[in-house]
Amino acid sequence: AMSRFENGLYCLTDYERNLIAQIVKCGFAAYYPPFDHPTVHDLVRRDDAPFGCEQLLRCHLELLLLSLATRDGESAAASNRLSSTAKERSEDELVKRTIAYMEERLSGSLTLEELCARFHVGQSRLSALFKDKLGMSVMKTYKNLKIERAKLLIREEKYNMTELAEMLGYSSIHTFSRHFKTAADMTPTEYAKTVKARMR
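Residues numbered from 1 in each chain as written. Predicted model: local features only at pLDDT ≥ 70, side-chain atom pairs only at ≥ 80, totals over all residues. Heavy atoms only, no water.

Undergrad: Would you mind going over the state of the cysteines with me for this structure?
TA: A covalent bond bridging the sulfur atoms of two cysteines is what the word disulfide describes. Applying the stated criterion across every chain, the model contains zero disulfides. Looking at Cys53, it has no disulfide partner, and the nearest cysteine sulfur is the one in Cys26, 6.7 Å off. (Disulfide = S-S within 2.5 Å.)

Structure, rendered in structure tokens:
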């Protein structure tokens, strides 16, 4: 029966939104976090969970699924699929938010799994979106953002290459230099020399 919801997108009614609110409320009351960690699937019941909260969660969830599944004889997934314009706007917003999140974390490291967990999206979907919108993979985008930040820092002439590598979360100057050359077709030192030559 659950297969009817596969790949479906739904415009929820106020009644269905209220059901989701109750599901979340009961879930928070019944279980300890983490609630959405991609590798943790065991729910741990709270010692102080209110009486009946788990049964209420199940009831609200069943009502939500039944409401979605019994819509006017049409295929729920087809009849409630987002318009192409709205879908594209939603996808653009997801890519934009993901890039902003990357930019805030250029001093460390990120994985595709961490990004997908942060934005509650599947790895294949996020990868396809970046390929479609930017023409490159998610992690290549992240590496390129690091290199663009490195270029900016090199132009400021405040740090040596070892310091830059550390500031951008690289494990060694060699890894930093290799990534820089792959992206910019020159080493960080060569880039610094071209910047100085232009200034002269």
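Following the structure, the description resumes.
Undergrad: Explanation requested: the packing of helix H7 (residues 138-156) against helix H10 (residues 188-199) in the structure shown.
TA: How two helices pack is summed up by the angle between their axes together with the distance between the axes. For the pair H7 and H10, the least separation of the axes is 10 Å and the interaxial angle reads 50°. Considered as vectors, H7 and H10 are oriented oblique to each other. As H7 runs across H10, the sense of the crossing is right-handed. Between H7, through Lys151, Ile154 and Arg155, and H10, the contact on the second element is made entirely by Pro188, Tyr191, Ala192 and Val195. Counted by class, the contact of H7 with H10 contains five nonpolar, no polar and two charged residues. (Axes fitted to C-alpha atoms, helices over the stretch in contact; angles between N-to-C directions. Helix = DSSP H or I, 4+ residues; strand = E, 2+ residues; numbered from the N terminus. Parallel < 35°, antiparallel > 145°, perpendicular 65-115°, else oblique. Left-handed = near helix turned anticlockwise from the far one by under 90°. Contact = heavy atoms within 4.5 Å. Nonpolar A, V, L, I, M, F, W, Y, C, P; charged D, E, K, R; others polar.)

Undergrad: Would you mind going over the pattern of salt bridges with me for this structure?
TA: If charged atoms from side chains of opposite charge come close, those side chains can pair. Here the structure, examined in full by the defined rule, presents seven salt bridges. Of the charged contacts, one joins Arg45 and Glu54 as a salt bridge, the two residues approaching to 2.6 Å between their closest N and O atoms. Judged by relative accessible area, Arg45 falls into the partly exposed class, the value being 38%. Its salt-bridge partner being Arg58, residue Glu62 comes within 3.2 Å of it at the nearest N-O pair. Residue Glu62 and its partner Arg58 are both found in helix H2 (residues 53-69); the two are separated by four residues, about one turn of the helix. A cluster of three or more residues bridged by salt bridges with shared partners is formed by Glu91, Asp92 and Lys133. (Salt bridge = Lys/Arg side-chain N within 4 Å of Asp/Glu carboxyl O. Buried < 20%, exposed > 50% of the residue type's maximum accessible area, 1.4 Å probe, protein only.)

Undergrad: Explain the environment of Phe28 to me, please; I cannot follow it from the model alone.
TA: Counting through the fold element by element, Phe28 comes out in helix H1 (residues 14-30). Residues Phe28 and Arg45 lie 17 residues apart in sequence; the distance between their C-alpha atoms is 9.9 Å. The residues touching Phe28, leaving out its near neighbours within four places in the chain, are Phe35 and Arg46.

Undergrad: Hey, could you run me through the environment of Arg58 in this one?
TA: We classify Arg58 as exposed; its relative accessible area is 53%. Separated by 31 residues in sequence, Arg58 and Gly27 place their C-alpha atoms 9.7 Å apart.

Undergrad: Any chance you could explain the environment of Val95 here in plain terms?
TA: Tracing the backbone through its elements, the reader meets Val95 in helix H4 (residues 84-103). A residue is classified by how much of its surface remains accessible, and Val95, at 5% relative accessible area, is buried. Sequence separation between Val95 and Ser107 is twelve residues; the distance between their C-alpha atoms is 20 Å. Residues in contact with Val95, not counting those within four places in the same chain, are Leu129, Phe130, Lys133 and Leu134.

Undergrad: Teacher, can you tell me more about the packing of aromatic side chains here?
TA: Within a pair of aromatic rings, the relevant descriptors are the distance that separates the centres and the angle that separates the planes. This model, assessed by the stated rule, comprises four aromatic pairs. Plain terms: the ring middles of Tyr170 and Phe176 are 5.3 Å apart, the flat faces sit at 55° to each other, and that makes the pair tilted. For the pair Tyr170 and Phe176, one class covers both residues: buried. What links up through ring pairs into an aromatic cluster is the set Tyr170, Phe176, Phe180 and Tyr191. (Phe/Tyr/Trp six-rings, centres within 6.5 Å; stacked < 30°, edge-to-face > 60°.)

Undergrad: Can you walk me through H1 in this structure?
TA: Each full turn of the α-helix corresponds to 3.6 residues, which orients residues three or four apart in the same direction. End to end, H1 covers 24 Å across 17 residues, agreeing with the expected 24 Å (1.5 Å per residue, within 8%). Every buried residue belonging to H1 is among Glu16, Leu19, Ile23, Cys26, Gly27 and Ala30, and all of these are buried. Around the axis of H1, the buried residues are gathered within 105° of arc, so they sit on the same side. In H1, the exposed residues that point more than 90 degrees away from the buried face are Asp14, Asn18 and Lys25. Structurally, H1 contributes buried residues whose contacts are with strand E1 (31-32), strand E2 (44-45) and H2. (Expected span 1.5 Å × (residues − 1). Arc of directions from axis to C-beta.)

Undergrad: Looking at this structure, how should I read the packing of H1 against H2?
TA: As a packed pair, H1 and H2 sit with axes 9 Å apart at the nearest point and diverge in direction by 155°. Relative to H2, H1 is oriented roughly antiparallel. As for how H1 packs across H2, the hand of that crossing is left-handed. Counted together, Tyr15, Glu16, Leu19, Ile20, Gln22, Ile23, Cys26, Gly27 and Ala30 of H1 and Cys53, Glu54, Leu56, Leu57, His60, Leu61, Leu63, Leu64, Ser67 and Leu68 of H2 form the full contact between these two elements. Looking at the contact of H1 with H2 residue by residue, the classes come out as 13 nonpolar, four polar and two charged.

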